[in-house]
Amino acid sequence: MSKPKVILAFSGGLDTSFCVKYLADDCGYEVHSALVDTGGFSAEELKDIETKAYGLGVASHVTLDVVEKYYNDCIRYMVYGNVLKNNTYPLSVSAERVFQATAVAEYANKIGAKAIAHGSTGAGNDQVRFDVVFQIMVPDCKVITPIRDMKLSREAEIDYLKAKGVVRDWTKSAYSINKGLWGTSVGGKETLTSYGYLPESAWPTQVTATGEETVKLHFEQGQLVGINDETLSPVQSIRKLTDIAAPYGVGRDIHVGDTIIGIKGRVGFEAAAPLLIIKAHHLLEKHTLTKQQLYWKQTLGETYGTMLHEGQFLEPVMRNFETFLADTQSNVSGTVQIHLAPYRYQLLGIESKFDLMSSIFGSYGEMNNTWTGDDVRGFSKIVSNQTMIHRKVTEAGL
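Everything numeric in this text was worked out from a predicted model, so none of it was measured.

**Q** Would you mind going over the overall build of the chain with me for this structure?
**A** A tally of regular secondary structure across the chain gives 13 helices and 16 strands. Its C-alpha atoms give the chain principal-axis dimensions of about 90 × 60 × 40 Å. Burial statistics for the chain: of 398 residues in total, 48% are counted as buried. In the chain, the share of contacts with a sequence separation of at least 24, taken over all contacts with a separation of at least 6, comes to 71%. Taken as a whole, the chain presents about 20300 Å² of accessible surface, with 52% of it coming from carbon and sulfur.

**Q** Mind showing me how you'd approach the sheet that holds strand β3 (residues 60-65) here?
**A** Pairing between sheet strands relies on hydrogen bonds along the backbone, with the strands arranged either parallel or antiparallel. Spatially, β3-β2-β1-β4-β5 is the arrangement adopted by the five strands of the open sheet, whose pairing is parallel. A single partner strand is all that each edge strand has here, and the edge strands are β3 and β5 (142-144). Taking each pair of neighbouring strands and ignoring which way they run, the sheet shows an average axis angle of 25°. Here three bridges tie strand β1 (residues 5-9) to strand β4 (residues 115-117), and the two strands are oriented parallel to one another.

**Q** In this structure, what is going on with empty space enclosed by the protein? I would like to understand it.
**A** Using a probe with the size of a water molecule, rolled over the atoms, empty space left in the structure can be pinpointed. Following the criterion strictly, the structure yields one cavity of 30 Å³ or more and no others. Breaking the lining of the largest cavity down by element, the ones donating at least two residues are α3 (67-80), β9 (223-227) and α8 (234-245). The element that contributes the greatest number of residues to the lining of the largest cavity is α3, accounting for four residues. Tallied by class, residues from the lining of the largest cavity come to eight nonpolar, two polar and one charged.

**Q** I keep staring at the state of the cysteines and nothing clicks. Help me out?
**A** Here, disulfide denotes a covalent bond that connects the sulfur atoms of two cysteines. As enumerated under the stated definition, the model contains zero disulfides in all. With no disulfide of its own, C27 lies 9.7 Å from the sulfur of C19, the closest cysteine sulfur. Judged by relative accessible area, C27 falls into the partly exposed class, the value being 34%.

**Q** It is not clear to me how the packing of aromatic side chains should be interpreted in this structure. Could you clarify?
**A** Each aromatic ring pair is described using two quantities: the centre-to-centre distance and the angle formed by the ring planes. Counted by the stated rule, this structure contains ten aromatic pairs. Measuring from centroid to centroid gives 5.3 Å for Y70 and F99, while their planes differ by 50°, and the two rings are tilted. With a gap of 29 residues between them, Y70 in helix α3 and F99 in helix α4 (residues 94-111) connect regions that are remote in the sequence. Neither residue differs from the other here; Y70 and F99 are each classed as buried. An aromatic cluster is defined as three or more aromatic residues linked by ring pairs; in this entry it consists of F18, Y22 and Y160. In this structure, R319 is placed above the aromatic ring of F313, and the distance from its NZ or CZ to the ring centre is 4.5 Å.

**Q** Sorry, what's going on with the environment of V62 here?
**A** For V62, the position within the fold is in strand β3. Once the C-alpha coordinates of V62 and Y107 are considered, the two residues, 45 residues apart in sequence, prove to be 9.4 Å apart. Residues in contact with V62, not counting those within four places in the same chain, are S33, A34, L35 and Y107.

**Q** Whenever I open this one, the side chain of S120 confuses me. Can you help?
**A** Note on placement: S120 falls in the loop between β4 and α5 (126-137). Among the residues examined, S120 registers a relative accessible area of 12% and is labelled buried. Here the side chain of S120 touches H118 through a polar contact of 3.0 Å, side chain to side chain. Residues contacting S120, with those up to four places away along its chain left out, are D126, Q127, F130, I147 and R148.

Definitions and limits used
- Here the residue numbers are simple positions, counted from 1 along each chain's written sequence.
- Reporting of local features is limited, given that this is a predicted model, to residues whose pLDDT is at least 70; pairs of side-chain atoms are given and counted only at 80 or more, and all residues count toward the totals for whole chains, interfaces and linings.
- Excluded from the side-chain calculation are hydrogens and water; included are all heavy atoms of the structure.
- A helix here means a DSSP run of H or I that spans at least four residues, while a strand means a run of E at least two residues long, and both kinds are numbered starting from the N terminus.
- Accessible area is worked out with a 1.4 Å probe on protein chains only. A residue is then buried under 20% of its type maximum, exposed over 50%, and partly exposed in between.
- Whether two residues touch is decided by their heavy atoms; if any such pair falls within 4.5 Å, the residues are in contact.
- Surface exposure here means Shrake-Rupley accessible area, sampled with a 1.4 Å probe, where a residue is shielded only by the protein chains that are shown.
- At least two bridges found by DSSP between two strands are what make those strands a pair.
- Helix axes are fitted to C-alpha atoms over the stretch in contact, other axes to C-alpha atoms as well, and angles between N-to-C directions run from 0 to 180 degrees.
- For cavity detection a 1 Å grid was placed over the protein atoms alone, and a set of points counts as a cavity when a 1.4 Å probe fits there but cannot get out; an open set counts as a pocket when protein lies on both sides within 12 Å along at least five of seven lines, with lining residues being those that have an atom within 4 Å of a point.
- Grid points are joined across faces, edges and corners, and a volume is the space filled by probe spheres set on the points.
- Polar here means any residue outside two lists: the nonpolar Ala, Val, Leu, Ile, Met, Phe, Trp, Tyr, Cys and Pro, and the charged Asp, Glu, Lys and Arg; Gly therefore counts as polar.
- Cysteine sulfurs are considered disulfide-paired once they come within 2.5 Å of each other.
- Think of it this way: a Phe, Tyr or Trp ring, Trp meaning its six-membered ring, pairs with another when their centres are within 6.5 Å, and the plane angle makes it stacked under 30 degrees, edge-to-face over 60, tilted otherwise.
- Two thresholds decide whether a charge sits over a ring: the Lys NZ or Arg CZ must be within 6 Å of the ring centre and within 35 degrees of the ring normal.
- Under the rule applied, a polar contact is a pair of N or O atoms within 3.5 Å (in protein, one hydrogen donor and one hydrogen acceptor; residues adjacent in sequence only if both atoms are side-chain atoms).

This is how it looks when you write it as structure tokens:
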């Protein structure tokens, strides 16, 4: 009799390594591991994780590359919406979890698995993000979460693996690192309390740039399509800008926010390219969009980011938000210049054929070319009329 198949979202770390042995040896499953690449792994790292998976005894291992899909279906809308959670965090890791879960669910359907497993604990957001996607996409699959269900400590997991003959250096790094195309999260002892900043040594990219430089970002309809006069795809542009800007130490911060499960949390992040792209894009929009477009974009962008953060990417209203956000980008084309220096950056300005700050119509504080002083007097009288009436009626009734 064949064993039931289970798909395990595999990272190669302690938690998912435990899951392989537990599911195969203790639960009798045929374990198929799947690593979903959202842009955070080198070819060498992917090969090493595959070797570890087979060494643990998986029946098969696959790497699911969703980098382009992640950009096209999500990242570009985060740029359109200038999404910074709590005005700080570009959703560097939280956004990609949905795409990892989706890829695993699709793979489970492909090979006919009746169960899906992940190594999330019961203390964070990821457990909800994975569970929500699985409930929507593969509702008939059993979801198995050994670490969460058994409330296992790290020490208990290590003891179990040693007993199974899995010998590896499980020494916990002082900082947990999760890397993807849209940035890297960093957690450590400083982020477990309400006070403390990550030390220089904790950041994945060390500050090695000592000079200063100006970088030109080229946007076409809201998407970054080139850097310094070099035409690139959006994904290539993100990677190139990361290589340029991260060594300056920009894009580092600590996000404080509300988790899906209701507790407060802090996490460090390094996201040089995402931060610069969003800030440059927003500046370009200030010049090329109307006041009302900017207002409603801000409202919907924040809502889009919140729902994405909370694992609600598959909710149909998100497609409605994306339609609106994309529709606002027809004139968001041009070049933004950014000055980089160690630990700081400065937006220098934009050039765009759609720039609404045109001297043809007037220069702010200097010259009015298409209206007169009488026009302004009349406008001011009408726009203040109702408030004037309210004030007089109120004073008369006192």
